[in-house]
Amino acid sequence: MTEQTKQFTVKWGILATGGIATTFAKDLLTSPASRHVGDVNHDIVAAASSSSASRAQTFLDDIKAPSTAKAYGSYHELVKDPNVDIIYVATPHSHHFQNTMLCLNAGKNVLCEKAFTVNAEQARILVKTAEEKGVFLMEAVWTRYFPLSIKIRELVTSGKIGKVVRVAADLSFNLTTNDETGGKLNCPDENRMVNMDLAGGALLDLGIYSLTWIFQILYLCQEGEKEKPKVLAAIDKYYTGADENTSIILHWEKNRTVGIATTSLRVETQPDGQGSPASGPACRIMGTKGEIQVIGPLFRPEVYRIIMQGGEKGKVEEVICPIPKDPERDGKKGEEGWGHGMFWEADEAARCLRDGKKQSETLTWEESIVIMEVMDEVRKQGGLTYPSEIESTTYAEKSPLNGKS
């Protein structure tokens, strides 16, 4: 292997030790060769828990990280580690602004979980800070980097289904316990899905995926200067104040396109199980010459269909895009090998760092801000506000959201 073709290795620090951090970290530890990647590699060199170093060590042990990886008992220690190239922020939405600002101000590159922030102004400040510090920053919308998503965008831009006029997308989980209107959901009030202190609710947790599919087709695939959409929204609130049903119509007037994004905690996109085609597509990309259907779940799709206008009745081209697994890593119970699909966004971040880019062309800072602006407007129309501490646009290094220093 020549110097020019040598793998570029990125040294990761993991900020937080919850479920999504575990999944992402396990993906980082898979062999890139298992997904036919040869130009970048990943190394976990540190992880931090806001509670204790022992919790961080347990996390590292559980994911079978290298024995050299350091365990920190505070986020402040992690951001000061000179051996860390980039930090993955895996905390709840409510903490993203303060946690990411902590990293950026320490001069660290950041991959921050979606939703990017709680509001658009927070997102603007993150971008401004990244620019000032000269570091890389990316919202971790992993689905965008799936080969399936890339292929669908290529089909759209090539004109395969003509001019796209409408995209409809839904991601909903049924957490109801009975048919009572506004009745109790099957999760405790402190759960992140309904806890207002954690910016809980369907919109930021699930609706971001519905918006992702609409935006990556009707915004990202626009030619020239990007048009922002007009927004019409309706929200039903749970008794905790979180949104339990949210419906959004996005209108790109100049481009004459419409996006319909829905999300709910009361019904299920696929009642008979994720990945099942029985309930139809979770996303329909409708063009003048046909349509592309994405079988859910929208966050981790593996199947899409193409149906052409005027084609043979009932004829469908179905394309399966399985997520590769590394047979050398421990899989989920009953499964051989590990691979979830989050490694592709990590590969994108690694290539950006290698090439000296400060943002991803597949999800630019501008687009992340526009999506946050849309969600701000949705919340405004639905009367949805979060506690002032997590809506705050004032960075405080010693904020409780950043844990002990």
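Now for a description of the structure that goes with this document.

Reading the values: rules and limits
Residues numbered from 1 in each chain as written. Predicted model: local features only at pLDDT ≥ 70, side-chain atom pairs only at ≥ 80, totals over all residues. Heavy atoms only, no water. Salt bridge = Lys/Arg side-chain N within 4 Å of Asp/Glu carboxyl O. Axes fitted to C-alpha atoms, helices over the stretch in contact; angles between N-to-C directions. Helix = DSSP H or I, 4+ residues; strand = E, 2+ residues; numbered from the N terminus. Parallel < 35°, antiparallel > 145°, perpendicular 65-115°, else oblique. Left-handed = near helix turned anticlockwise from the far one by under 90°. Contact = heavy atoms within 4.5 Å. Nonpolar A, V, L, I, M, F, W, Y, C, P; charged D, E, K, R; others polar. Pairing = 2+ DSSP bridges. Expected span 1.5 Å × (residues − 1). Buried < 20%, exposed > 50% of the residue type's maximum accessible area, 1.4 Å probe, protein only. Arc of directions from axis to C-beta. Core = buried A, V, L, I, M, F, W, Y, C linked by side-chain atoms within 4.5 Å.

1. Considerations on the pattern of salt bridges
Oppositely charged side chains may form a pair once their charged atoms are brought near each other.
Thinking step 1. Using the criterion set out here, one finds 22 salt bridges in the structure.
Thinking step 2. Ionic pairing is found between aspartate 189 and lysine 184, a salt bridge with its closest N-O pair at 3.6 Å.

2. Remarks on the packing of helix H7 (residues 202–218) against helix H9 (residues 365–382)
Thinking step 1. One way to put it is that H7 packs onto H9 with a least axis distance of 11 Å and a crossing angle of 125 degrees. When the axis of H7 is compared with that of H9, the two are oblique. Relative to H9, H7 is oriented so that their crossing is right-handed. Residue-level contacts link Leu203, Leu204, Ile208, Leu211, Phe215 and Gln216 of H7 to Glu367, Val370, Ile371, Val374, Met375, Val378 and Arg379 of H9.
Thinking step 2. Split into classes, the residues belonging to the contact of H7 with H9 amount to 10 nonpolar, 1 polar and 2 charged.

3. With respect to the sheet that holds strand S12 (residues 290–295)
Thinking step 1. The strand order across the open sheet built from 8 strands is S8-S9-S10-S7-S11-S12-S13-S14, with neighbouring strands paired in mixed fashion. Each edge of the open sheet is held by one strand with a lone partner, namely strand S8 (230–237) and strand S14 (317–320). Looking at each pair of strands side by side, their axes are set apart by 10 degrees on average, direction ignored.
Thinking step 2. Sheet topology note: the strand S7 (residues 164–172)/strand S11 (residues 283–287) ladder contains 5 bridges and is antiparallel. If you follow arginine 166 over to S11, its bridge partner there is methionine 286.

4. What about the sheet that holds strand S3 (residues 70–72)?
Thinking step 1. Within the open sheet, the 6 strands sit side by side as S3-S2-S1-S4-S5-S6. Their pairing is parallel. Either end of the sheet is taken by a strand with one partner, and the two such strands are S3 and strand S6 (137–140). When strand polarity is set aside, the average angle formed by the axes of neighbouring strands in this sheet is 30 degrees.

5. Some words on helix H6 (residues 147–158)
Thinking step 1. In this model H6 runs 16 Å from its N-terminal to its C-terminal C-alpha over 12 residues, within 8% of the 16 Å that 1.5 Å per residue would give.
Thinking step 2. All of the buried residues along H6 are Leu148, Ser149, Ile152, Arg153, Leu155 and Val156. One side of H6 carries all its buried residues, which in axial view fall inside an arc of 155 degrees. Among the exposed residues of H6, those pointing more than 90 degrees away from its buried face are Thr157 and Ser158.

6. Some details on the nonpolar core
Thinking step 1. Counting residues in each nonpolar core, the largest one holds 128 residues, and the members touching the most others are Trp12, Ile14 and Ile285.
Thinking step 2. Top contributing element to this core by residue count: H7, with 12 residues.
Thinking step 3. In contact with isoleucine 14, other than residues within four places in its own chain, are Ala21, Phe24, Leu28, Ile44, Ala46, Ala47, Ala48, Phe59, Leu78 and Tyr88.

7. Describing H9
Thinking step 1. Here H9 is 18 residues long and its end C-alpha atoms lie 26 Å apart, about the 26 Å a rise of 1.5 Å per residue gives.
Thinking step 2. Listed in full, the buried residues belonging to H9 are Trp365, Glu367, Ser368, Ile369, Val370, Ile371, Met372, Val374, Met375, Val378, Arg379 and Gly382.
Thinking step 3. Close packing links the buried residues of H9 with helix H5 (120–133), S6, H7, S8, strand S9 (243–252) and helix H10 (388–391).
Thinking step 4. Just downstream of H9, glycine 383 is the residue with a positive phi angle, here 65 degrees.

8. Quick look at the pairing of S12
Thinking step 1. Most of S12 is tucked away, with 6 of its 6 residues classed as buried.
Thinking step 2. Burial along S12 is two-sided: the residues Gly290, Ile292 and Val294 and Glu291, Gln293 and Ile295 are all buried.
Thinking step 3. Note: S11 against S12, 5 bridges, orientation antiparallel. Bridge pairing links glycine 287 to glycine 290 in S12.
Thinking step 4. The antiparallel pairing of S11 with S12 creates a hairpin that spans 2 residues between the two strands.
Thinking step 5. Sheet topology note: the S12/strand S13 (residues 303–308) ladder contains 6 bridges and is antiparallel. Within the sheet, the bridge partner assigned to valine 294 lies in S13 and is tyrosine 304.

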